[in-house]
Each structure stands twice: as C-alpha cells, then as structure tokens.
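# A look at the structure
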Amino acid sequence: MASSDGGSSSPKAPPGSYGLPLVGAVRDRLDFYYFQGQDKYFESRVERYGSTVVRMNVPPGPFMARDPRVVAVLDAKSFPVLFDMDKVEKKDLFTGTYMPSTSLTGGYRVCSYLDPSEPTHTKVKQMLFSLLLSRKDDVIPAFRSNFSALLATVESELAKGGKAEFNKLNDVTSFDFIGEAYFGVRPSATDLGSGGPTKAAKWLIWQLHPLVTLGLPMVLEEPLLHTFHLPPFLVKGDYRALYKYFSTAAKQALDTAEGLGLSREEACHNLLFATTFNSYGGLKVLFPGLLANVASSGEKLHERLVAEIRGAVAEAGGKVTLAAVEKMELAKSVVWESLRLDPPVKFQYGHAKKDLQIESHDAVFQVKKGEMLFGYQPCATRDPRVFGDTAKEFVPDRFVGEEGSKLLQYVYWSNGRETENPSVDNKQCPGKNFVVLVGRLFLVELFLRYDTFTAEVGTELLGTSVVFTGVTKATTGPGSE
C-alpha cells in the first residue's frame, strides 16, 4: 500500500545491507538454503534492522541473477504495493531476479513474464478467461470422477499396507483432472499416457531449480542448482511431448486465441505454461497443504465439515452443485486459511516505475525508480498486526462471518487481494476463483466419503507431504450409500 496520507513519519531510506559485492550475495544464499531456511532468513533481517521494509539480497544471486539486491516488503501493509500496476513494472519478473531461458517455452516470453502494458498480455489473459468461462460446467464432474478414483486407490493401498502416499497419487490425478476440466481430454488417454506428470515435473524443475533445495550436500547443490542454469536441451523431448498434447486437446481454445490475434503456436505455448506451471504446479502444492492442515486439526473440525458439506449436498437433492458448494462457508474459510498460511507462490517482485513512498505499519520509506521490490508472502499473510496471536496457526473458521470476511483483503495468494478480481490490467491469477473452487471440491469429496481420517504430515521438494494412515467411511449422508 503506497503511502498517500503522509504515514506516521517523514520518508526515509529502507534499512538493511547487501554486504560486499558477490561475497555478500553468496553468503546470503547459503543462509537462505542451508543455515537459516526461508522463514528464518527473512524474519532474522526484520529483527536485525527493526523494520519490515528492508534492503537485502535474495537468491539465487551469482552467477544466475544479474542483480540480487531488493527492497523487501514484509508486512501486510507494505506488501500490496506489488499489486499496483501504476507503481511497479512486472516485465520478466515472474521467477524474480533471474529468468529461465525462453528455450523452455518455445522461444516465447509467456504471459507470466509479460507486464500488463504489453499487448500480448491482454490477448493471452483474454484467452485464459474465455477458456475458464467456456468450461465452467465441466469442472465439478471432472473433479469428482478423477478424485473419487484417487480416494478409491487410497483405500486400496491402506487395505494392502496400512499407508497411502497422497502426493504421488495427487500428481497423477491433478494432471488428468486439469486436462479434462480445461480441454475435455485426459492426458493419460492420449499419446502422453502415464508419463505426463513426470515430464511436467521435470520441466518445472528446470525453471525453478534456482529456488529449491533437494536436500543434497551443499557442495553438490550449490554448483548444480544455484550457480548456473540447467541446459534446456535436456528437457526438450519432454516439452515436445507436452506441446503435442496441448496442440491437439486445446483446439477450441486455440481457435479462440486466433480470433484474439494470437498465433496458434504462441497461444499453445502459453496454454501449456498456464496449465502446467500455474494450474498443475499450484495443485501439486495446494492439495497436500490443505489436506495436511485438515488432518492436523483432528476430528472436531472433520465433524463440522461433514455436517456442513453433507447438509448442503442434501439440500441440493444429493447433488454436488456450484450453488451447494457456495453455501459451504466453513469449507471456503478452510481453503482460504490454507492459502493464507502457506501460499503456493511465496515470492512476488516488481520494479519501481517511479520514485515511491512505501508505508509499513511503523514508517514511510523512500524507494527510487528502477529499484527491485520483493515480497515474501508468508511474512505478509502471517502478519500478527493483522491476524493477531494466531497469525502463524491454522484457524479453520478465521474467515467465517462478517468479521472474518473483513480479513479477506489481507489474503494475497493470487498476486492480488482476495477481495479483488483478475483482469487484463493486472497480474492477478486468472484462475483465482477456479483454485478456491477446487479446494472446496477437494473437501467435499473427502467428507462425503469419510467421517474422519488420519495422516502423517512431512515436507518434500515443493511443500508438504501427506501419507494417509486411516479412513473412517461415511456413516450418514450421500457418501454412506
């Protein structure tokens, strides 16, 4: 939120330090990955400088990023400056201070790397809005058929070995679900076969490896993942196979794109990216995180969700309809709370278009034109000045009721406020409402089928890992039939 009312003090330069050239950035990278970890890395600098707007280096740094220096906005009040297209430019900043080779996206700068001022951004986003609107009636049936099959597999694996790994099943199921929901064609039913999720995951790693750790020894990971880009030719075959699926399955969307002035080729590369990186990559993180939070909350929450979900479905004549799902206030709050606590995309960036004043809770800061602004979203969405003593805890009904709804403006997971909507003029996720819907559908499928369940929760490369250890089949309502 850029200051417009003068704030609580006169503007000053943000505190912080970049350290010595090269050495400071490398040392900070080691802190980020190995010595402190993400959360502690940012929290320690807020503590050291007594400010939630602070200068620092962000990974990956040398030699992958030309300039690792940023002004970080790390509270709920300063963070939204990153959404203001009058104040920041988003060109080539999707992954941050580095940009993956366009060889990974057919030679095109796809929509995520375009600023809204660029004409192609408008055309691609219009194509994505059109796709989502044209397929809105297909989402619920596609979701239910795919995820009921997943849960049947969970039960089968529990019966055999007493455990069922959710993440692996989710990777396969989410990939098929998105293909069916968006294009009416399950990838596994085409030439891709069962290899789609593996090819997609490999392609994702080639773009995200500068920002992850595989848990290997530092002496191996630093040169392999964090210093130079992995060569794109090693995933060329995987990308070609994915592209072939989209060029055939997405025919209707590509026809629409041509009408908007996009070439089929550019549109297809954009559809592949939006579907595989944005949608599929998001669901790989969203569903395990959501499941982990609900599992950890225990039977009392399960009972409340069972009552709400089965009651709404019963009122709809036993059918899962959009209108029925909209009535599930607790389920929606649970999804929002998961997105608040652990947003799938944690980093946001923007170059200051002009000299700016940025207001935190405590001060006003002067930022110069051209400086890179950076936000670590969990710091903003777990801000105790907004969410109180429970800011770092999962509170299922946080957003229920009139008072709860007032907090939605501080939920930023979609690269915008939850109270606002994506448009061609902003960088908010075009699938924002789709994501919240499928999060609720996941809970619906779970609690129509089970009264309660248990699971072990851990961590993996892109987030949370969940292993089912037991389920109690539904004793009442539609799921008990």
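Residues numbered from 1 in each chain as written. Predicted model: local features only at pLDDT ≥ 70, side-chain atom pairs only at ≥ 80, totals over all residues. Heavy atoms only, no water.

The chain is annotated in an unreviewed UniProt entry as hydroperoxide dehydratase of Miscanthus lutarioriparius. Per UniProt, the comment on the chain under Pathway (unreviewed entry) is "Lipid metabolism; oxylipin biosynthesis." Under Function (unreviewed entry), UniProt gives the following word-for-word description of the chain: "Involved in the biosynthesis of jasmonic acid, a growth regulator that is implicated also as a signaling molecule in plant defense. Converts 13-hydroperoxylinolenic acid to 12,13-epoxylinolenic acid." (UniProt positions renumbered as here; feature names shortened; annotations may be inferred.)

Let us look at the overall build of the chain. Within the chain, the secondary structure is distributed over 17 helices and 10 strands. Its C-alpha atoms give the chain a radius of gyration of 22 Å, within 12% of the compact-globule value 23 Å for 481 residues. Summarising its shape, the C-alpha atoms of the chain cover approximately 65 × 50 × 45 Å along the three principal directions. Out of the 481 residues belonging to the chain, those deemed buried represent 54%. Long-range contacts, defined here as pairs at least 24 residues apart, represent 71% of the contacts in the chain between residues at least 6 apart. (Helix = DSSP H or I, 4+ residues; strand = E, 2+ residues; numbered from the N terminus. Rg over C-alpha atoms; globule rule 2.2 N^0.38 Å. Buried < 20%, exposed > 50% of the residue type's maximum accessible area, 1.4 Å probe, protein only. Contact = heavy atoms within 4.5 Å.)

The next subject is the pattern of salt bridges. Evaluated as defined, the whole model comprises 37 salt bridges. Between glutamate 118 and arginine 109 there is a salt bridge; the shortest N-O distance is 2.9 Å. On the basis of relative accessibility, which here comes to 17%, the residue glutamate 118 falls in the buried class. Note on arginine 109: relative accessible area 25%, which makes it partly exposed. In this structure, aspartate 238 engages lysine 202 in a salt bridge whose closest nitrogen and oxygen atoms are separated by 3.2 Å. Here the residue aspartate 238 occupies a position in helix α8 (residues 236-249), and lysine 202 occupies one in helix α6 (residues 196-208), the gap between them amounting to 36 residues. When its relative accessible area of 12% is taken as the criterion, aspartate 238 is described as buried. Three or more residues are tied together by salt bridges with common partners; here these are Arg27, Asp28, Asp31 and Arg45. (Salt bridge = Lys/Arg side-chain N within 4 Å of Asp/Glu carboxyl O.)

It is worth spelling out the side chain of glutamine 428 at this point. Among the structural elements, glutamine 428 can be located in the loop between α16 (401-406) and α17 (432-449). Discounting residues that sit within four places of it in the chain, glutamine 428 has contacts with Lys125, Ser414, Asn415, Gly416, Arg417, Glu420, Asn421 and Pro422.

Moving on, we come to the layout of surface pockets. It is a probe the size of a water molecule, rolled over the atoms, that shows where empty space is left. Taken as a whole, the second largest pocket spans an internal volume of roughly 590 Å³. Residue lining of the second largest pocket: 25 residues in total, with Leu132, Lys136, Asn433, Phe434 and Leu437 positioned closest to the centre. Elements with a minimum of two residues in the lining of the second largest pocket: α3 (119-134), α4 (139-161), α5 (166-183), α12 (322-326), α13 (329-341) and α17. The element best represented in the lining of the second largest pocket is α17, accounting for five residues. (1 Å grid on protein atoms, 1.4 Å probe; cavity = no way out; pocket = protein on both sides within 12 Å on 5 of 7 lines; lining within 4 Å. Points joined across faces, edges and corners; volume = space filled by probe spheres on them.)

Side chains three or four residues apart in an α-helix point the same way, a direct result of the helix having 3.6 residues per turn. In this model helix α10 (residues 264-297) runs 47 Å from its N-terminal to its C-terminal C-alpha over 34 residues, within 8% of the 50 Å that 1.5 Å per residue would give. Of all the bends in α10, the largest measures some 25 degrees and sits at leucine 283. A positive phi of about 85 degrees marks glycine 298, the residue just after α10. (Expected span 1.5 Å × (residues − 1). Bend = angle between axes of the 7 residues up to and from the residue.)

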